[in-house]
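Single-letter residue listing:
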Amino acid sequence: MTTNRLNETKIEYAQDCRLFGMLGWGQLSQLNIPSAYQDKIMTILLADKIWSPSSKLINPNTGLPFIPEENVIVVPSDNNDKPVWTDKRSLDIFMEKVWTWNPITLEWENVPFELVKYLEDNWFTVYPNSNVLRTIQDRFTEKQKIESLGLKTVNHADVSSLSQIVKFMWDNWNGAILKSRKNWYDWHGQYFIKTRQDADKAWDQMKHFCDGSNWGLIIEQMVDLDCEVSIAVSKDRNYQIKNLEPIYNLHEWWLLRTSIYPAPIDPSLEDKIIMM
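Brief notes about unusual backbone geometry
Then comes step 1: For the bond running from Y127 to P128, omega is -10 degrees, close enough to zero to count as cis.
Then comes step 2: Looking along the chain, the bond that leaves Y261 and enters P262 is cis, with omega of -10 degrees.
Then comes step 3: Structurally, P262 can be placed in the loop between β14 (255-260) and α8 (267-275).
Then comes step 4: One non-glycine residue, Y239, lies in positive phi territory at about 65 degrees.
Then comes step 5: The residue Y239 is located in the loop between β11 (233-235) and β12 (241-243) in this model.

In structure tokens:
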């Protein structure tokens, strides 16, 4: 017997039911929860809002795949004015429901590093772990890690002044994108630069990221791609790797508009992507 009521923390699980905790409440968790349910896996969701995209799965009137309420436990924040990550009571309830022997995973890469480290320090196992999270949350350290593995990335540089931006533009004349090193996506915290005037405006708008108390800036060369192809890969604790077929992504004004699965690409290219 389970409950979604926040003030009831005692729950009993069916003997044949496994569970895992999820940090985040967006579209990716919305996709994960039905798959877990099909395999008799219960989801404990730490969510900012009771009617987040993923928690809507327990509402039969949304038009989404319906998951019985007892199979998704949503732990929202008591205080709507602050993130659920900072709500100590909600976090304690989440930890009590998951227990230390069940895994926790992340719904997106901007889950606070400090939260994951706190869970690990309290004997919880989080996948990916806090070291991975700290690397991928910073666009500059992420690219350094990729290059250390022998893979190529776009030309880029860590910048903290207008003169550094101008020098990068001189070496990469086809254009560049100035970005915050952390957080922001879908064109937020980013500025396209083609001319010196663009560089002046971009620095004026984003120099506060370099004030010492913020995340810093990275500049990346603009690349004119035919398309983007992505692939989802998973690795278990025994280092067994599984992947889905590649996904073909179409962008409009640098924002993802359409994804086609499986990707309509040459089989030889698909094999190359998988092996990478």
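A closer look at helix α6 (residues 162-171)
Then comes step 1: For α6, the complete set of buried residues consists of I165, F168 and M169. What you see down the axis of α6 is that its buried residues fit within an arc of 100 degrees, all on one side. Every exposed residue of α6 that faces more than 90 degrees away from the buried side is listed here: S163, K167 and W170.
Then comes step 2: On the buried face of α6, the contacting elements are β6 (156-159), β7 (176-180), β8 (190-193), α7 (196-206) and β9 (217-221).

Comments concerning the sheet that holds strand β1 (residues 18-23)
Then comes step 1: Sheet architecture is open: 5 strands sit in the order β3-β2-β1-β4-β5, paired in parallel fashion. Across the chains shown, the open sheet's two edge strands, defined by having one partner strand only, are β3 (72-75) and β5 (126-127).

What to know about the environment of L45
Then comes step 1: Structurally, the position occupied by L45 is in strand β2 (residues 41-46).
Then comes step 2: Distance in space between the C-alpha atoms of L45 and G21 is 6.0 Å, their sequence separation being 24 residues.

Details of the environment of I273
Then comes step 1: Note that I273 resides in helix α8.
Then comes step 2: Put simply, I273 and E245 are 28 residues apart on the chain and 9.5 Å apart in space, counted from C-alpha to C-alpha.

Brief notes about the packing of α6 against α7
Then comes step 1: At a minimum axis distance of 10 Å, the contact between α6 and α7 shows a crossing angle of 145 degrees. Between α6 and α7 lies a crossing of right-handed hand. Of the residues in α7, those touching α6 at L162, I165 and V166 are R196, A199, D200 and W203.
Then comes step 2: Partitioning the contact of α6 with α7 into residue classes produces 5 nonpolar, no polar and 2 charged.

Digging into the nonpolar core
Then comes step 1: Core analysis: the biggest nonpolar cluster contains 23 residues, and L23, I44, L46, F94, I104 and L119 have the highest contact counts within it.
Then comes step 2: Every element with two or more residues in this core is listed here: β1, β2, β3, α2 (88-98), β4 (104-106) and α3 (113-121).
Then comes step 3: By residue number, the principal contributor to this core is α2, which donates 5 residues.
Then comes step 4: Sequence-distant contacts of L23, defined by excluding residues within four places in its chain, comprise L46, W85, F94, I104, T105, L106, E107, W108, V111, L115, V116 and L119.

Side note on the side chain of R181
Then comes step 1: Checked against the element boundaries, R181 lands in the loop between β7 and β8.
Then comes step 2: Looking at R181, its side chain comes within polar contact range of the side chain of D138, at 2.7 Å.
Then comes step 3: Excluding residues within four positions of it along the chain, R181 makes contact with Q137, D138, R139, F140, T141, D158, W215, G216, L217 and I218.

Conventions we followed
Residues numbered from 1 in each chain as written. Predicted model: local features only at pLDDT ≥ 70, side-chain atom pairs only at ≥ 80, totals over all residues. Heavy atoms only, no water. Helix = DSSP H or I, 4+ residues; strand = E, 2+ residues; numbered from the N terminus. Buried < 20%, exposed > 50% of the residue type's maximum accessible area, 1.4 Å probe, protein only. Arc of directions from axis to C-beta. Contact = heavy atoms within 4.5 Å. Pairing = 2+ DSSP bridges. Axes fitted to C-alpha atoms, helices over the stretch in contact; angles between N-to-C directions. Left-handed = near helix turned anticlockwise from the far one by under 90°. Nonpolar A, V, L, I, M, F, W, Y, C, P; charged D, E, K, R; others polar. Core = buried A, V, L, I, M, F, W, Y, C linked by side-chain atoms within 4.5 Å. Polar contact = N/O pair within 3.5 Å; in protein donor to acceptor, adjacent residues only side chain to side chain.

None of this, on its own, says anything about what the molecule does.
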